[in-house]
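An overview of the molecular structure
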Amino acid sequence: MVSIKKILLGEQGLVVIFLLAFAVVALTVPNFLTERNMLGLLQSVVTIGIVACTMMFCLASRDFDLSVGSTVAFTGMIAVMASNATGSIVLGLLAALAGGFIVGLFNGVVIAKFRINALITTLATMQIVRGLALISSDGRAVGINDPSFYQLALSKFLGIPTPIWVMGLLFVIFGFVLNRTVFGKNTLAIGGNPEASRLAGVNVDSMRIWIFALQGLVCGIAGILLASRITSGQPNAATGLELSVISACVLGGVSLAGGRAAMLGVIVGVLIMGIAENVMNLLNIQAFYQYVVRGCILLIAVLLDNLRSNMIGFRG
């Protein structure tokens, strides 16, 4: 019985369940498998997928970041406003990346050095950063002066939009970092037992600061691509993104208790979130019901995480 649970709740089982669900949806939902819809589906999960790459590290180290949605909107605003002010898209992009990095660094320092709970810290930062985005634009969308900025989202390589390539590249990079580097191994070790990691010589505070700084930097990338796709800087963009990202990570097997993560699982979790929303759109389900579905997915994700943790505890 335990072995069956292990298969179903493990990484391989998640992939099998996803493939079965994908096949059912493909056979029952009209136009789902068309090239246009597949590319649209992948485009729709770019923001979630990019941010999930580093949220995986936050969760694996027993932390989480509720400020990612606000940071994405804020960095998108910075990218547009700095590009407009300087006449240089490159400077706008660098400013956005720097802004995201600073927000993440601030979170990490407050959490690691001042020992303030990640929930409270990132909840406060979520409000502060969103407020800064609204103040800087007087609560209005900011248009892009240089049409070349649109090409960040509109350009294609081998027929596939650039943002999808960026998401795929980040999946590969952070998957490698998690599995093949000391940084990734230390992240999992901290999540498994912070005190034991400290005694083993791991600089836990520095690791936590760098994890949050990377989270902010990646939010900057997501904010730039989102601003390019929606053709403006929107201070209210990416509202609720944090819940979707956490849901995708936990669905993909990242433990809320820390110490367990797998990039393949996160990718599957991101695709599950995207397919659920895509199917609802294809079936013309009202947006109000989509909130209910997202909430149910989050509950299911937490339930699965609880089952995985209990299974590991039983084996131990």
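All values derive from a computational prediction rather than experimental measurement.

This next bit is on the overall build of the chain. Helix and strand counts for the chain stand at 15 helices and 4 strands. Scaling as 2.2 N^0.38, a compact globule of 316 residues should have a C-alpha radius of gyration of about 20 Å, and the chain matches this with 20 Å. If one aligns the C-alpha atoms of the chain with their principal axes, the spans along those axes are about 60 × 55 × 35 Å. When contacts within the chain are restricted to residue pairs at least 6 apart in sequence, long-range pairs at least 24 apart make up 79% of them.

Here Val302 is to be found in helix α15 (residues 287-315). Exposure remark for Val302: the relative accessible area of 38% places this residue in the partly exposed category. For the pair Val302 and Val218, spaced 84 residues apart in sequence, the C-alpha separation works out to 25 Å. Residues within four places of Val302 in sequence aside, it is in contact with Val250 and Leu256.

Our focus in this paragraph is the layout of surface pockets. Counted as a void, the largest pocket has a volume near 750 Å³. Considering the residues around the largest pocket, the lining is formed by 27 residues, among which Ile48, Thr239, Ser244, Glu277 and Arg294 are closest to the centre. Residue assignment for the lining of the largest pocket shows that the elements contributing at least two residues are α3 (35-44), α4 (46-60), α12 (204-229), α13 (241-251), α14 (263-282) and α15. In terms of residue count, the dominant contributor to the lining of the largest pocket is α14 (7 residues). Approximately 350 Å³ is the volume attributed to the second largest pocket. Ile17, Phe18, Ala21, Ile272 and Ile275 are, among the 16 residues lining the second largest pocket, the residues nearest its centre. No other element matches helix α2 (residues 11-28), which puts 6 residues into the lining of the second largest pocket. Classifying every residue of the lining of the second largest pocket gives 15 nonpolar, no polar and 1 charged.

Conventions adopted
Residues numbered from 1 in each chain as written. Predicted model: local features only at pLDDT ≥ 70, side-chain atom pairs only at ≥ 80, totals over all residues. Heavy atoms only, no water. Helix = DSSP H or I, 4+ residues; strand = E, 2+ residues; numbered from the N terminus. Rg over C-alpha atoms; globule rule 2.2 N^0.38 Å. Contact = heavy atoms within 4.5 Å. Buried < 20%, exposed > 50% of the residue type's maximum accessible area, 1.4 Å probe, protein only. 1 Å grid on protein atoms, 1.4 Å probe; cavity = no way out; pocket = protein on both sides within 12 Å on 5 of 7 lines; lining within 4 Å. Points joined across faces, edges and corners; volume = space filled by probe spheres on them. Nonpolar A, V, L, I, M, F, W, Y, C, P; charged D, E, K, R; others polar.

Limitation: the analysis is restricted to geometry and does not speak to function.
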